[in-house]
Amino acid sequence: MDEILKTVNLCFRYEGNEGEEVPKEVLKNINVNINEGEFVAVLGHNGSGKSTLAKHFNAINLPSGGKVYALGLDTEDMENIYKIREKVGMVFQNPDNQLVATIVEEDVAFAPENLGIDPIEIRKRVDDALKAVSLYEYRDRAPHQLSGGQKQRIAIAGIIAMKPRCIILDEPTAMLDPSGREEVMNTLLKLNKEDNITIVLITHFMNEAVMADRVLVINEGDILLEGTPHEVFANAGLLKSIGLDVPQSTELMFALRRQGYRNPLSILTANECVEVIEEIINGQDN
């Protein structure tokens, strides 16, 4: 599997004004490898450094120390910026800040037009991108008429139209209701599984992280935990000690264990919970 994003001893600090104390490091010797086609969730409390890390992947931030490579290209080389941002797209928290046109299809066409792509190809890319996020029938609408979840999917379509290999999303569902969050997550899973687009999702919703192939937990600028969702959420006590939540299913498993049941702790989905509870009930009946 090809490596698409890589950090080597990445350090970062925001520069202070002259005469101010040297600011603390936001990221400390971060080493991360993300392979093409992976779905990686990044967790951390506010101020942990997770959004700062995300902005390094397409060169919005540049390292204070160490290196970041996207598509094998050094993000500090200014000649690489155009190539990186064409193939590593970024979606932010507030969809209203990303929509630039008064018609949906014109908004999706904005980035390809700025790349100088042929109009016939742009037409195809816009149609394909809107179909990919299941909003093709809204192509003639004004973005302000759409729901929050639909607006965020339009923002994602604008990135898809650039034909990226990777999409970085910085808490894209934070301002959405549960229905909107579900719409966006279904879109991301479809892009990842069907189109092999690498997804890096910064989130504070544990139930979104459960859907990832791999989870990174950042605390005070360091990688605290890394592994599959089952491996990471098995450390419920550690996660809670740094102010993070755990999925409700995991919480239930720990509650059952405290009651004396010998159930596994690394349970994430509702179906897995049902199986465990059925086993407990059947065991009591016997």
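As the structure is a computational prediction, the values presented were derived from the model and not from experiment.

(A) Fine view of the pattern of salt bridges. Here the structure, examined in full by the defined rule, presents 17 salt bridges. Across the salt bridge formed by Arg153 and Glu183, the nearest N and O atoms sit 2.8 Å from each other. Pair noted here: Arg153 is in helix H5 (residues 148-160) and Glu183 is in helix H6 (residues 178-195), with a separation of 30 residues, a long-range link. For Glu183, a relative accessible area of 23% translates into the label partly exposed. A salt bridge links Glu226 to Arg214, with the nearest nitrogen and oxygen atoms 2.5 Å apart. In this pair, Glu226 is assigned in strand E10 (residues 222-227) and Arg214 in strand E9 (residues 214-219), connecting sequence segments 12 residues apart. Each of Glu38, Arg214 and Glu226 takes part in a single network of salt bridges with overlapping partners.

(B) Here's a closer look at the packing of helix H4 (residues 119-132) against H5. Close contact between H4 and H5 brings their axes to 9 Å; oriented N to C, the two are set at 140 degrees. If you check the angle between H4 and H5, you find them oblique. Of the two possible hands of crossing, H4 and H5 adopt the one that is right-handed. Contacts from Ala129, Leu130 and Ala132 of H4 reach H5 at Ile154, Ala157 and Ile160. For the contact of H4 with H5, the residue count by class is 6 nonpolar, no polar and no charged.

(C) Inspection of the packing of aromatic side chains at higher detail. Applying the stated criterion across every chain yields a total of 1 aromatic pair. Ring centres of Phe12 and Tyr14 lie 4.7 Å apart, and the angle between their planes is 90 degrees; on these two criteria the pair is classed as edge-to-face. Directly above the aromatic system of Tyr136 lies the positively charged group of Arg139, at a separation of 4.1 Å from the ring centroid. Arg181 extends its terminal NZ or CZ atom over the ring of Phe205, reaching a point 4.3 Å from the ring centre.

(D) Representation of the nonpolar core within the structure. By size, the foremost hydrophobic cluster in this structure holds 50 residues, and its most contacted members are Ile156, Ile167, Leu188, Val217 and Phe233. Dropping the residues within four chain positions of it, Val217 is found in contact with Leu43, Asp222, Ile223, Leu224, Leu225, Val232, Leu239, Ile242 and Leu244. Listed in part, the 25 residues of the second largest apolar core include Phe12, Val26, Leu27 and Val68.

(E) Quick look at the packing of helix H3 (residues 104-114) against H5. Two numbers describe how H3 lies on H5: the axes approach to 7 Å, and their chain directions differ by 40 degrees. Taken as a pair, H3 and H5 cross one another with a handedness that is right-handed. The residues of H5 that touch H3, namely those facing Val104, Asp107, Val108 and Ala111, are Ile154, Ala157 and Gly158. Each residue belonging to the contact of H3 with H5 can be placed in one class, and the counts come to 5 nonpolar, 1 polar and 1 charged.

(F) Up close: the environment of Asn263. Relative to the elements of secondary structure, Asn263 occurs in the loop between helix H10 (248-258) and helix H11 (270-285). For Asn263 and Met253, which are 10 residues apart along the polypeptide, the C-alpha to C-alpha distance reads 6.9 Å. In this structure Asn263 touches Met253, Leu256, Arg257 and Val276, once residues within four positions along its chain are discounted.

(G) Just the sheet that holds strand E3 (residues 39-43), in detail. The 6 strands are arranged E6-E7-E8-E3-E9-E10 in an open sheet whose pairing can be described as mixed. On the outer flanks of this sheet lie strand E6 (88-91) and E10, each paired with one strand and no other. Along the sheet, successive strands turn relative to each other by an average axial angle of 15 degrees, direction set aside. Pairing between E6 and strand E7 (residues 166-170): 4 bridges, direction parallel. Across the sheet, the residue bridging to Gly89 is Ile167, located in E7.

(H) Region of the structure containing the pairing of E7. Burial within E7 is extensive, with 5 of its 5 residues counted as buried. Residues Cys166, Ile168 and Asp170 line one face of E7 and the alternating positions Ile167 and Leu169 line the opposite face, and both faces are buried. The pairing of E7 with strand E8 (residues 198-202) spans 5 bridges and is classified as parallel. By the bridge assignment for E8, Ile168 is matched with Val200.

Rules used throughout
- Residue numbers restart at each chain and count upward from 1, following the sequence in its written direction.
- The predicted origin of the model limits local features to residues at a pLDDT of at least 70 and limits the giving and counting of side-chain atom pairs to 80 or more, whereas totals for whole chains, interfaces and linings rest on all residues.
- Remark: hydrogens and water are excluded; side-chain values derive from all non-hydrogen atoms of the structure.
- Take a side-chain nitrogen of Lys or Arg and a carboxyl oxygen of Asp or Glu: if they are within 4 Å of each other, that pair is a salt bridge.
- Helix and strand assignments come from DSSP, with helices taken as H or I runs of at least 4 residues and strands as E runs of at least 2, each series counted from the N terminus.
- The rule is simple: take the accessible area with a 1.4 Å probe, protein chains only, and divide by the maximum for that residue type; under 20% is buried, over 50% is exposed, in between is partly exposed.
- Axis geometry follows a simple rule: fit a line to the C-alpha atoms, using only the stretch in contact for helices, then measure angles between N-to-C directions, giving values from 0 to 180 degrees.
- When describing relative orientation, an angle under 35 degrees is termed roughly parallel and one over 145 degrees roughly antiparallel, while 65 to 115 degrees is termed roughly perpendicular and anything else oblique.
- In this scheme the crossing of two helices becomes right-handed for a clockwise turn of the near helix relative to the far one and left-handed for an anticlockwise turn of less than a right angle.
- A contact between two residues is defined here by any heavy atoms of the two lying within 4.5 Å.
- Here the term charged refers only to Asp, Glu, Lys and Arg, the term nonpolar to Ala, Val, Leu, Ile, Met, Phe, Trp, Tyr, Cys and Pro, and the term polar to all other amino acids, Gly among them.
- Each pair of aromatic rings taken from Phe, Tyr and Trp, with Trp reduced to its six-membered ring, is defined by centres within 6.5 Å and is described as stacked if the planes are under 30 degrees apart, edge-to-face if over 60, and tilted in the remaining cases.
- Criterion for a charge above a ring: Lys NZ or Arg CZ within 6 Å of the ring centre, and within 35 degrees of the ring normal.
- As used in this record, nonpolar core signifies buried Ala, Val, Leu, Ile, Met, Phe, Trp, Tyr and Cys residues forming a set joined through side-chain atoms within 4.5 Å.
- One requirement defines pairing of two strands: DSSP has to find at least two bridges between them.

In short, shape yes, function no, at least from these values alone.
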